[in-house]
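Given next are the chains, with one letter for each unit.
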Amino acid sequence: MDRRSFLKQASLVSGAAAASTLAAPAIAQNKRTLRMVTTWPKNFPGLGTAAQKLADNITAMTDGRLTVKLYSAGELVPAFECFDAVSTGSADLYHGAEYYWQGKHKAFNFFATVPMGLTASEMDAWMYHGGGQQLWDELAGKFNIKAFMAGNTGVQMGGWFTKEINAVDDLKGLKIRMPGLGGEVLRRLGASAVSLPGGEVFPSLQSGAIDATEWVGPWNDLAFGFYKITKFYYYPGFHEPGTAMSCGFNLDVFNSLSAADQAIVQQACKAATADAYAEFNANNGRALNTLLTKHGVQLKKFPDEVFDAIAKAADEVVAEVAAEDEFTGRVLESFSAARKELAGWGSIADQTYALYRNRAMGLARDV
Ligand code: CA
């Protein structure tokens, strides 16, 4: 290369560099990093992983316009301060579960789960096609938040009991770890329900400080190792029949996104809801087999008498919560109407089909 052509090349390069320098700020302005705070430990199976997948999906689907950076519980703010952080704008979005915000407003419970509430597929129907999302928008909007469902655990297990539950009286004096409204239901039936953080659950059950604990379902419960303490594994979990996870945006941040990016966020949350539920179901089925065949766990169904008493107490607890203010009353009205319609249809559709199929083909567990 002679000197003249070298200079010509060099000027082309520097010209290109100058052009890209001029263009760079405009590109940078269209790229944003959003801080997602979560209520979960980093990569906690099914919950922390759902948050991470949602963050990664929004980043990928917006082609780099938005980069969602996840902070697990305690990294930026403690788990239960996620709501305030997003409400005030010190974080841009959260991934959690709405019942954690019940101290802000009791109606938030309905957008996660309530005792004797909706299953995962019923929750989808109410939220997406039954008026649930509109009520949630009305509530979250008061706190400068726009929230979507972003995962579901499916129905949880009743929990691990060191004593058998054969009658309602067996609940009297029972020390059980069950947070939230479910715990209140059991208190009405004479149990002593406590709320313990994750790290204290196993040692408390082991030492006898508590007689029973709920956690999630076979997948998470197997990992926790509760089968090493007791073999009595009760179902179904009346207290969390289909717990929805949620993703809440600071409303100003959400409104500042392009219409395309708002739609991407909304659809990514919908995909997260379906994906988490599928992941829980797939893993729960496998883990239940492992618990029963490798660890000698005994499945126990709550006796009808016990479950009916729980259902009655749950109805009272939820009604009392709804009676506290006009808005929560409207939520319960919408929720109850949806539950009635969905139960009427589901009981002759999915539920009867599954019951008949499993019996006829020998697929049901004989318990
Ligand atoms: Ca639970």
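Residues numbered from 1 in each chain as written. Predicted model: local features only at pLDDT ≥ 70, side-chain atom pairs only at ≥ 80, totals over all residues. Heavy atoms only, no water.

Description of the sheet that holds strand β4 (residues 145–152)
Strand order in the open sheet formed by 5 strands is β2-β1-β3-β10-β4, with mixed pairing between adjacent strands. Taken across any chain shown, the strands that pair with only one partner, and hence form the sheet edges, are β2 (66–71) and β4. This sheet shows a mean twist of 25° between the axes of neighbouring strands, independent of strand direction. In this sheet, strand β3 (residues 93–96) lies alongside strand β1 (residues 32–38) in parallel orientation, the contact comprising 3 bridges. For Val37, the partnering residue across the bridge sits in β3 and is Tyr94. In this fold helix α2 (residues 48–61) packs onto β1, β2, β3, β4 and β10 (244–250), with an angle of close to 165° to the strand it touches most, β2. (Pairing = 2+ DSSP bridges. Helix = DSSP H or I, 4+ residues; strand = E, 2+ residues; numbered from the N terminus. Axes fitted to C-alpha atoms, helices over the stretch in contact; angles between N-to-C directions. Contact = heavy atoms within 4.5 Å.)

Structural notes on empty space enclosed by the protein
A complete count under the given rule lists 1 cavity of 30 Å³ or more for this structure. Roughly 30 Å³ of volume is contained in the largest cavity. As for the largest cavity, its lining consists of Gly158, Phe161, Leu171, Ile176, Met178, Leu186, Phe238, Phe302 and Ile310. The class makeup of the residues in the lining of the largest cavity is 8 nonpolar, 1 polar and no charged. (1 Å grid on protein atoms, 1.4 Å probe; cavity = no way out; pocket = protein on both sides within 12 Å on 5 of 7 lines; lining within 4 Å. Points joined across faces, edges and corners; volume = space filled by probe spheres on them. Nonpolar A, V, L, I, M, F, W, Y, C, P; charged D, E, K, R; others polar.)

Focus on the pattern of salt bridges
By the definition in use, this model includes 16 salt bridges. A salt bridge links Glu138 to Arg330; the nearest nitrogen and oxygen atoms lie 2.6 Å apart. With a gap of 192 residues between them, Glu138 in helix α5 (residues 132–141) and Arg330 in helix α12 (residues 326–346) connect regions that are remote in the sequence. Exposure remark for Glu138: the relative accessible area of 34% places this residue in the partly exposed category. The exposure class assigned to Arg330 is partly exposed, which follows from its relative accessible area of 31%. In this structure, Glu326 engages Arg330 in a salt bridge whose closest nitrogen and oxygen atoms are separated by 3.0 Å. Taken together, the residues span about one helical turn, with Glu326 and Arg330 both in helix α12 at a distance of 4 residues. (Salt bridge = Lys/Arg side-chain N within 4 Å of Asp/Glu carboxyl O. Buried < 20%, exposed > 50% of the residue type's maximum accessible area, 1.4 Å probe, protein only.)

Focus on the packing of aromatic side chains
For any pair of aromatic rings, geometry is given as the distance between the ring centres together with the angle between the planes. Going through the model one piece at a time under the given rule, you end up with 26 aromatic pairs. With a centroid separation of 6.3 Å and an interplanar angle of 65°, the aromatic rings of Tyr100 and Trp101 are classed as edge-to-face. For Tyr100, a relative accessible area of 29% translates into the label partly exposed. Residue Trp101 is classed as buried on the basis of its relative accessible area, which comes to 1%. Members of the aromatic cluster, connected to one another through ring pairs, are Trp40, Phe80, Phe83, Tyr94, Tyr99, Tyr100, Trp101, Phe108 and Phe143. For the cation-ring pair, Lys69 lies above Tyr71, with the distance from its terminal atom to the ring centre recorded as 5.0 Å. It is Lys270 that lies over the ring of Tyr128; its NZ or CZ is 4.5 Å from the centre. (Phe/Tyr/Trp six-rings, centres within 6.5 Å; stacked < 30°, edge-to-face > 60°. Lys NZ or Arg CZ within 6 Å of the ring centre and 35° of its normal.)

A word on the coordination of the calcium ion
For a metal with four donors in a tetrahedral arrangement, the ideal angle between donors is 109.5 degrees, while six donors in an octahedron ideally sit at 90 or 180 degrees. The coordination sphere of the calcium ion, as far as protein atoms go, consists of Gln156 (OE1), Glu214 (OE), Glu214 (OE), Trp215 (O) and Glu240 (OE), spread over 2.2 to 2.8 Å. Exposure remark for Gln156: the relative accessible area of 4% places this residue in the buried category. (Donors = N, O, S within 2.8 Å, 3.2 Å for Na, K, Ca; no water.)

Structural notes on the environment of His295
Mapped onto the elements of the fold, His295 is located in the loop between α10 (259–294) and β11 (298–301). Those residues in contact with His295 that lie beyond four places of it in its chain are Leu222, Tyr227, Lys231 and Thr290.

Some words on the nonpolar core
Core analysis: the largest hydrophobic core is formed by 60 residues, its most contacted members being Tyr94, Trp126 and Ile176. Taken together, the elements giving at least two residues each to this core come down to α3 (82–88), α4 (120–129), α5, β4, α6 (180–188), β9 (232–235), α11 (304–322) and α12. Per element, the largest residue contribution to this core is 8 residues, and it comes from α11. Taken domain by domain, the makeup of this core includes at least three residues from each of domain 1 (28–152 + 242–281) and domain 2 (159–239 + 296–361). Apart from the residues within four sequence positions on either side, Tyr94 is in contact with Met36, Val37, Cys82, Phe83, Val86, Trp101, Ile145, Ala147, Ser246, Cys247 and Gly248. Of all hydrophobic cores here, the second largest spans 48 residues; its members include Ala97, Leu205, Tyr233 and Cys247. (Core = buried A, V, L, I, M, F, W, Y, C linked by side-chain atoms within 4.5 Å. Domains from an automatic or database assignment.)

A word on the domain arrangement of the protein
For the protein, the assigned domains read domain 1 (28–152 + 242–281) and domain 2 (159–239 + 296–361). Put simply, the middle of domain 1 and the middle of domain 2, counted by C-alpha atoms, are 25 Å apart. Tallying the contact residues gives 26 residues for domain 1 and 29 residues for domain 2. A combined buried area of about 2500 Å² lies between domain 1 and domain 2, and 74% of that area is made up of carbon and sulfur atoms. Of all residues in domain 1, Phe110, Pro115 and Met116 bury the most surface against domain 2, accounting for 30% of the area lost on that side. (Buried area = accessible area lost by both parts, 1.4 Å probe.)

Focus on the side chain of Asp211
Take Asp211: it is sitting in the loop between α7 (198–207) and β8 (212–213). Once residues lying within four places of it in the same chain are set aside, the contact partners of Asp211 are Trp160, Phe161, Thr162, Lys163, Gly173, Leu174, Lys175 and Leu205.

A closer look at the environment of Ala120
Turning to its location among the elements, Ala120 is positioned in helix α4. Ala120 gets classed as buried once you look at its relative accessible area, which sits at 2%. For the pair Ala120 and Val317, spaced 197 residues apart in sequence, the C-alpha to C-alpha distance is 21 Å. Those residues in contact with Ala120 that sit more than four places away from it in its chain are Asn152, Gly154, Pro241, Gly242 and Tyr277.

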